[in-house]
Amino acid sequence: MEETMSTKEAILSRLRSNTRETYDMPSLKALHAITYPDPVEEFKTKAQTVGGARLLEAKKGDDLNALICQIYSDAGIIASNLPGVEAQLNPDTVAQAQDLETADVGVIQGHIGVAENACVWIPQTMKERAVCFASQRLVILLSKENIVNNMHEAYARIEQSDEYFCDYKFGTFISGPSKTADIEGALVYGAQAARAVTIVLF
Amino acid sequence: MSTQHSKAAAAYLRDEAVVTRHDQTFFAVRQKRDRMAQALPEWEQLRETADQIKRHTATHLAQYLEQFEANATRNGVHVHWAADAAEYNSIVYDILRSHDVKKVVKSKSMLTEECHLNSSLEAKGIEVVETDLGERILQMMQLAPSHIVMPALHVHREDIGDCFRSKIADYDEIAKGYAAISPEPHDENDPTFLTYVARMHLRRQFMEAGAGMTGANFGVAATGDVVVCTNEGNADMSTSIPRLHIVSMGIEKLIPDLSSLAVFQRLLARCGTGQETTVYTSQFRGPRPGGEMHIILVDNGRSEILGNPEHWQTLKCMRCGACMNTCPVYRRSAGYSYTYFIPGPIGINLGMLRNPKTYSDNVSACSLCCSCDNVCPVRVDLSSQVYRWRQQLDSLGRADEMKKFMSGGMSLLFNHPLFYKLALRLSPLVNWLPSSLLNSRFNPWASGHKMMKFPKKSFHELWKKL
């Protein structure tokens with residue numbers, strides 16, 4: 001421990017002595033980020049073009065389980081801890097994260113949708129977040145009321161309210177299925193994480 | 001005297017088809033970046049803000065690091081400090097050994113390349129599995145990255161297919177599984193098929209590993225968060241299945257707060273790969289339930305760079321790779337022509353900051369076109385820095401003798417007007433020399449192209465007659 005302290009102090013003191021002129025933090029208020037006449041429409045377009053996700057519009061009160069069946073009719077094992085979702089695996093109660101690898105479909109709740117790039121903020125609200133990544137396919141539920149224009153607005157929400165960084169110390173923006181272009185630049189969906197994503201807008 | 005870069009580039013240029021493909025592949029990424037820039041009216045304002053935030057953070061780094069450490073510690077994260085590569089490698093090993101970890105899955109991190117972490121761990125008996133597809137391909141083929149963001153784009157699908165068939169033990173079983181879900185016949189080197197093979201192979205690694213390692217695109221001082229961006233989700237697979245998460249972070253990756261993060265998140269993927277966003281932008285605030293999270297803050301020369309008045313701005317770099325994609329020299333000479341592990345404009349400068357004597361061969365890899373300066377999201381003055389390094393070559397004992405001789409001659413000429421005018425008057429006589437002599441290897445002005453023709457009338461004469 002002694003040694004760690006000395007390394008830290010040495011680094012900090014080098015930084016202090018090597019700092020010459022200093023610069024002020026700019027004001028971000030002057031930055032006028034892009035907004036859209038209809039952020040929900042923009043989000044819907046971007047989710048399909050940028051993200052490569054499927055988009056489904058639902059009405060409040062629609063039967064969630066029927067919707068999931070309709071989206072992924074061949075789904076065997078469904079993993080979710082959302083109330084009302086009929087799931088065979090619950091990320092709150094599985095013995096270990098590895099168990100979620102067998103999930104055909106994970107169903108999770110998005111808290112913010114971002115129109116400029118189709119990002120959806122998923123705070124970890126389950127014990128094992130592997131459900132968001134290891135499931136073969138993903139259904140993300142999102143309320144239209146929670147769609148913002150751009151990342152500045154999204155991070156402002158996350159910064160201002162605890163509800164966007166919930167029970168566990170993790171959150172992620174997901175914009176669609178896992179993808180790669182590492183083999184000769186050819187775009188392929190389904191690299192390591194979810195092969196397909198459907199966003200259900202309520 | 002030619003530099004290592006120019007010799008390697010000359011060898012690379014012999015295969016025209018390979019060069020053209022490399023050039024076009026990366027220029028296409030540059031064009032995608034341009035479309036992203038044009039789609040945002042606030043683009044230049046965004047770059048200016050990013051530049052200012054990075055200047056501010058770099059010149060207040062000690063205070064932000066202390067704030068970051070305090071917040072991360074409060075969030076339950078173990079924070080370590082490493083002065084150099086050796087200390088960093090030993091901290092990683094100690095953490096892994098204390099948890100009895102035999103296998104590590106890791107997402108891409110240029111810092112671990114810089115510190116040679118993988119070979120250090122492997123020498124001590126720990127298996128390291130790269131999980132970014134490009135990095136995994138290179139690791140299996142025992143190759144180094146040729147680009148910092150798209151590390152294996154230079155490798156051809158046939159070679160990747162051969163590698164998978166010989167190195168992935170359950171290849172046949174995986175191929176059968178693919179046939180079941182995609183019954184149509186396919187080429188054995190089809191990228192979709194090969195990506196599936198890698199997916200199944202890597203999923204097994206995630207299940208078996210005892211620890212997951214990631215780099216950090218950003219560290220947020222105000223919250224203690226670490227942000228990691230990937231398209232494949234491999235950083236998330238690496239950290240949501242094994243319970244132990246180790247983050248390796250260069251101290252320059254720090255930014256003040258979440259408002260700043262918005263600026264950089266918007267720029268990173270747009271500049272790097274021409275996407276509005278990476279698929280995953282994951283924010284780690286603390287360990288998982290029942291898990292453990294460590295952050296290692298690595299200096300390894302960065303605190304010294306801050307004190308260098310001509311080159312401290314390289315600390316603003318967020319490793320997006322845009323400068324490589326646009327660089328005409330990088331595109332036509334590829335990553336392996338450079339002697340430092342990071343190629344392209346930023347790599348030339350970082351190599352010189354690492355060791356100017358060892359890596360001075362790369363400063364020739366620049367035409368001073370300044371395109372890199374214009375695409376850099378944080379406005380690092382890359383080409384000016386390369387120019388300044390070139391001015392120092394003589395004092396490093398690394399100047400080209402031929403060019404020194406020619407500079408001496410020109411200095412003589414330009415300082416003696418009479419002599420200069422006479423030389424100008426006589427220069428067209430050179431045109432009468434036989435081409436075999438003019439275009440021979442003894443004339444460095446005729447290297448790579450034909451010797452120019454001296455004009456009959458000089459600019460001075462034409463100007464006077466206007």
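The structure reproduced in this document is the subject of the present report. Remember, it's a predicted structure, so these values are computed and weren't measured experimentally.

**With respect to the overall build of chain A**
No. 1: Helix and strand content of chain A: 4 helices and 11 strands.
No. 2: With the C-alpha coordinates of chain A rotated into their principal frame, the extents come out at 65 × 50 × 40 Å.
No. 3: Burial status across chain A gives 55% buried among its 202 residues.
No. 4: Summing over all exposed atoms, chain A offers an accessible surface of approximately 8,400 Å²; the carbon and sulfur share of this is 48%.

**As for the interface of chain A and chain B**
No. 1: Taken residue by residue, the interface counts 76 residues in chain A and 90 residues in chain B.
No. 2: Each partner contributes to the roughly 7,200 Å² buried at the junction of chain A and chain B, and carbon and sulfur atoms together form 59% of this total.
No. 3: By the criterion of area lost to chain B, the three top residues of chain A are Ile183, Glu184 and Gln192 of chain A, representing 12% of everything that side buries.
No. 4: Taken together, the connections running from chain A to chain B amount to 11 salt bridges.
No. 5: Ionic pairing is found between arginine 14 of chain A and aspartate 299 of chain B, a salt bridge with its closest N-O pair at 2.8 Å.
No. 6: Along the contact surface separating chain A from chain B lie 43 residue pairs in polar contact (both at pLDDT 80 or more).
No. 7: Among the secondary structure elements, those contributing two or more residues to the side of chain A that touches chain B are helix H1 (2-18), helix H4 (151-160), strand E8 (170-174) and strand E9 (179-180) of chain A.
No. 8: Counted by class, the side of chain A that touches chain B contains 35 nonpolar, 23 polar and 18 charged residues.
No. 9: Pairing analysis gives 5 bridges linking E8 of chain A to strand E9 (residues 280-284) of chain B, with the strands arranged antiparallel.

**Considering the packing of helix H10 (residues 171-181) of chain B against helix H11 (residues 191-208) of chain B**
Residue and element names in this part refer to chain B.
No. 1: As a packed pair, H10 and H11 sit with axes 10 Å apart at the nearest point and diverge in direction by 120 degrees. Relative to H11, H10 is oriented oblique. Crossing angle aside, the handedness with which H10 passes H11 is right-handed. Mapping the contact onto sequence places Tyr171, Ile174, Ala175, Gly177, Tyr178 and Ile181 in H10 and Thr192, Phe193, Tyr196, Val197, Met200 and His201 in H11.
No. 2: Considered class by class, the residues forming the contact of H10 with H11 number 9 nonpolar, 3 polar and no charged.

**Section: the pattern of salt bridges**
No. 1: Counted according to the given criterion, the structure contains 44 salt bridges over all chains.
No. 2: For lysine 46 of chain A, the salt bridge is made with glutamate 42 of chain A, and the minimal N-O distance between the two is 2.7 Å. Of the two residues, lysine 46 of chain A and glutamate 42 of chain A are both situated in helix H2 (residues 39-49); the distance of 4 residues between them amounts to about one turn of the helix.
No. 3: A salt bridge links lysine 44 of chain A to glutamate 57 of chain A; the shortest N-O distance between them is 2.8 Å. In this pair, lysine 44 of chain A is assigned in helix H2 and glutamate 57 of chain A in strand E1 (residues 54-57), connecting sequence segments 13 residues apart.
No. 4: Residue glutamate 57 of chain A is classed as partly exposed on the basis of its relative accessible area of 43%.
No. 5: Here the residues in one salt-bridge network are Glu114, Glu252, Arg302, Arg319 and Arg354 of chain B, joined through shared partners.

**Re the nonpolar core**
No. 1: Residues Phe43 and Ile199 of chain A are the most contacted members of the largest nonpolar core, which totals 146 residues.
No. 2: Here this core spans two domains, and each of domain 1 (4-34 + 321-391) and domain 2 (40-155 + 210-298) of chain B adds at least three residues to it.
No. 3: The contacts of phenylalanine 43 of chain A, once residues within four sequence positions are left out, are Leu55, Gly113, Val114, Ala115, Ala118, Cys119, Val120, Leu142, Ile147, Ile199 and Leu201 of chain A.
No. 4: Listed in part, the 22 residues of the second largest apolar core include Ala82, Ile91, Val128 and Ala211 of chain B.

**Concerning the packing of aromatic side chains**
No. 1: Inspection of the entire model under this criterion finds 17 aromatic pairs over all chains.
No. 2: Ring geometry for phenylalanine 26 of chain B versus tyrosine 330 of chain B: centroids 5.5 Å apart, planes at 85 degrees, classification edge-to-face. Of this pair, phenylalanine 26 of chain B sits in helix H2 (residues 16-39) while tyrosine 330 of chain B sits in helix H16 (residues 328-333), and the two are 304 residues apart along the sequence. Just as phenylalanine 26 of chain B is buried, tyrosine 330 of chain B falls in that class too.
No. 3: Each ring, one from phenylalanine 459 of chain B and one from tryptophan 463 of chain B, has its centre 5.9 Å from the other, and the planes form 25 degrees; the classification is stacked. Here phenylalanine 459 of chain B and its partner tryptophan 463 of chain B are both found in helix H24 (residues 459-465), 4 residues apart, which amounts to about one turn of the helix. Residue phenylalanine 459 of chain B shares its accessibility class with tryptophan 463 of chain B, and that shared class is exposed.
No. 4: Through successive ring pairs, a cluster of aromatic residues spans Trp121, Tyr155, Phe165 and Phe173 of chain A.
No. 5: Seen from the ring of tyrosine 23 of chain A, arginine 55 of chain B lies directly overhead, with NZ or CZ sitting 5.1 Å from the centre.

**Points about helix H3 (residues 64-71) of chain A**
Residues and elements named next belong to chain A.
No. 1: Buried within H3 we find Leu64, Asn65, Leu67, Ile68 and Ile71. Projected down its long axis, H3 carries its buried residues within an arc of 160 degrees, all on one side.
No. 2: Where H3 is buried, its residues meet E1, strand E2 (78-79), strand E3 (105-109), strand E6 (137-142) and strand E11 (196-201).
No. 3: The backbone nitrogen of asparagine 65 has a side-chain oxygen 3.0 Å away, supplied by the residue at the start of H3, namely aspartate 63.

Definitions and limits used
Residues numbered from 1 in each chain as written. Chains lettered and ligands numbered in written order. Predicted model: local features only at pLDDT ≥ 70, side-chain atom pairs only at ≥ 80, totals over all residues. Heavy atoms only, no water. Helix = DSSP H or I, 4+ residues; strand = E, 2+ residues; numbered from the N terminus. Buried < 20%, exposed > 50% of the residue type's maximum accessible area, 1.4 Å probe, protein only. Areas by Shrake-Rupley, 256 points an atom, 1.4 Å probe, with all protein chains shown as cover. Contact = heavy atoms within 4.5 Å. Buried area = accessible area lost by both parts, 1.4 Å probe. Salt bridge = Lys/Arg side-chain N within 4 Å of Asp/Glu carboxyl O. Polar contact = N/O pair within 3.5 Å; in protein donor to acceptor, adjacent residues only side chain to side chain. Nonpolar A, V, L, I, M, F, W, Y, C, P; charged D, E, K, R; others polar. Pairing = 2+ DSSP bridges. Axes fitted to C-alpha atoms, helices over the stretch in contact; angles between N-to-C directions. Parallel < 35°, antiparallel > 145°, perpendicular 65-115°, else oblique. Left-handed = near helix turned anticlockwise from the far one by under 90°. Core = buried A, V, L, I, M, F, W, Y, C linked by side-chain atoms within 4.5 Å. Domains from an automatic or database assignment. Phe/Tyr/Trp six-rings, centres within 6.5 Å; stacked < 30°, edge-to-face > 60°. Lys NZ or Arg CZ within 6 Å of the ring centre and 35° of its normal. Arc of directions from axis to C-beta.

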